[in-house]
Amino acid sequence: MKQMILLHPNLQMMLEGTKLIKSLSNTYTVAILVCAHIFPNLRGSCALKLPNNATVPGIFVFGDSVMDTGNNNYILTPCKSNFPPYGRDFPGGEATGRFSDGIVPSDIIAQAFGVKKFVPAYLDPSLSINEMLTGVNFASSCSGYLPLTATYKYFSLSLENQLDLFKQYIVKVKAAVGEERALEIVSQSIYVICTGSNDFLYYYETQKSGNMSAYTDSVVNYASGFLKRLYDTGARRVVLGGAPPQGCLPAARTNYGGLLRFIVERFNQDSLDFNLKLQAMLKSLQNTLQGSRFVYFDLYYTALDLIQKPHEYGFEVVDKGCCGTGLFEEGPLCNIFSSLISCPNASKYVFWDASHPTQAAYNIVIARNINQTMSQFF
């Protein structure tokens, strides 16, 4: 028998008649969506009841602009988003360095596990030790799995740079609370890694006649090595996000989809092939690294469902972003001048800029993934 879920009237009105409201019989999904849309500023209001009385002391995040909450604000790189109209739907309308109109997946995951509302950027000089104890974000926009991806154009922090910062973090926390407490935080926290899109972009821009299969093999091999090195630091509960349907991104359609901006099907197929390799690699690591829990987040099919059937989720526009014309604007091109022609309601759009989803789209994609994988964490 399905549970009866009582939603806040505003959320009920927003989702009425959509596929989402018809299928939300699971308390995890409902809790995440109610909190994200109605109570974004209440600490702890989005916490789920975890199985087996489990606890999650912290959230640690690695990756690219899908996850970055502002680290690139503090390094010399043109890959930034700490200016309007970015962040216009974030509490206070603040442009924090998140590549979205509001929150990003790292925040949603932290709220879902009852850790904190927002995951702060580790490089923020105002970060306190108390805030650090519940987790921080090391992600850097425009980076990828491969070190070369981070330095190719934008001089971002590579995954290896991010891991070095995490090791630095461990030293600081040990000094502050002692080794035993620090190791407890490290071993029981959840680690979220989401990157790879920029590795594909690097390939498409530089290797016109290369072997994509061999290239993705090398990316997956590097991802495997990174996860092993992360495991060696003490991490045990790890989430790895797969590649999205990259041929559906507005920027891909503009640059590679011809005059009519068709979906770039070969890019989508590349993502699918890559994701299969990632999942096989995670299964192998799970079997060899004692005590590890590797959880795969499907960002491909959950996002594709929104794009193919937008009206069932309350969306209206899928082929362009909200910012500016929506065809190419992102980063420095999505700026205060773009605001003059940006859409008035980003929640009707799947994409905020030409490459990044809106917080409305992120909320649904991440909620569905947590709903489907919750039991695998504990």
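Look above for the structure.
Since the structure is predicted, the reported quantities are computational estimates derived from the model, not experimental observations. (Residues numbered from 1 in each chain as written. Predicted model: local features only at pLDDT ≥ 70, side-chain atom pairs only at ≥ 80, totals over all residues. Heavy atoms only, no water.)

A. Seen up close, the overall build of the protein chain. Helix and strand content of the protein chain: 14 helices and 6 strands. By the burial criterion, 57% of the 378 residues in the protein chain qualify as buried. Across the protein chain, every contact between residues at least 6 apart in sequence was considered, and the portion connecting residues at least 24 apart equals 72%. By element, 56% of the accessible surface of the protein chain is carried by carbon and sulfur atoms, the whole surface being about 15900 Å². (Helix = DSSP H or I, 4+ residues; strand = E, 2+ residues; numbered from the N terminus. Buried < 20%, exposed > 50% of the residue type's maximum accessible area, 1.4 Å probe, protein only. Contact = heavy atoms within 4.5 Å. Areas by Shrake-Rupley, 256 points an atom, 1.4 Å probe, with all protein chains shown as cover.)

B. Structural view of the nonpolar core. Counting 102 residues, the largest nonpolar core has F113, F166 and Y169 as the members making the most contacts within it. Among the elements that take part in this core, helix α10 (residues 212-232) stands out by supplying 10 residues, more than any other. Leaving out residues up to four positions away in the same chain, F113 has contacts with L50, V56, I190, I370, M374, F377 and F378. Counting residues in hydrophobic clusters, the runner-up holds 12 residues, among them C142, A346, Y349 and W352. (Core = buried A, V, L, I, M, F, W, Y, C linked by side-chain atoms within 4.5 Å.)

C. View of the state of the cysteines. In total, this model carries 3 disulfides according to the counting rule given. Each disulfide pairs two cysteine sulfurs, and for C79 the partner residue is C142, the sulfurs being separated by 1.9 Å. One disulfide, between C79 and C142, carries an S-S torsion of 75° and so falls in the right-handed class. Of this pair, C79 sits in the loop between β1 (59-63) and α4 (105-112) while C142 is found in the loop between α5 (129-133) and α6 (147-152), placing the two residues 63 residues apart along the sequence. For C79, a relative accessible area of 5% translates into the label buried. By relative accessible area, which is 13% here, C142 ends up buried. The disulfide pattern of the protein chain is 1-2, 3-6, 4-5 when the bonded cysteines are numbered in sequence order. (Disulfide = S-S within 2.5 Å.)

D. Structural view of the sheet that holds β1. Strand order across the open sheet formed by 4 strands is β1-β2-β3-β4, with parallel pairing between neighbours. At either margin of the open sheet sits one strand with a lone partner, and together these are β1 and β4 (293-297). The sheet shows a mean angle of 20° between the axes of neighbouring strands, direction not considered. Bridge count for β1 against strand β2 (residues 190-194) is 5 bridges, and the pairing is parallel. Bridged to G63 within β2 is C194. Where helix α7 (residues 159-177) meets the sheet, it contacts β1 and β2, and its direction lies at approximately 155° from that of β1. Docked against the sheet, α10 engages β1, β2, β3 (237-241) and β4, running at close to 160° with respect to β2. (Pairing = 2+ DSSP bridges. Axes fitted to C-alpha atoms, helices over the stretch in contact; angles between N-to-C directions.)

E. Here's a closer look at the packing of α7 against α10. In contact at an axis separation of 11 Å, α7 and α10 are set at 5° when each is read in the N-to-C sense. By the angle class used here, α7 and α10 are roughly parallel. From α7, L159, E160, L163 and F166 reach across to α10, where they touch Y222, F226, R229 and L230. Here the residues of the contact of α7 with α10 are counted per class, giving 6 nonpolar, no polar and 2 charged. (Parallel < 35°, antiparallel > 145°, perpendicular 65-115°, else oblique. Nonpolar A, V, L, I, M, F, W, Y, C, P; charged D, E, K, R; others polar.)

F. Representation of the environment of V119 in the model. Checked against the element boundaries, V119 lands in the loop between α4 and α5. Here the alpha-carbon distance between V119 and T134, two residues 15 residues apart in the chain, equals 8.7 Å. Setting aside anything within four residues of it in sequence, one finds V119 in contact with I59, V61, T69, R98, S106, D107, A110, G135, V136 and N137.

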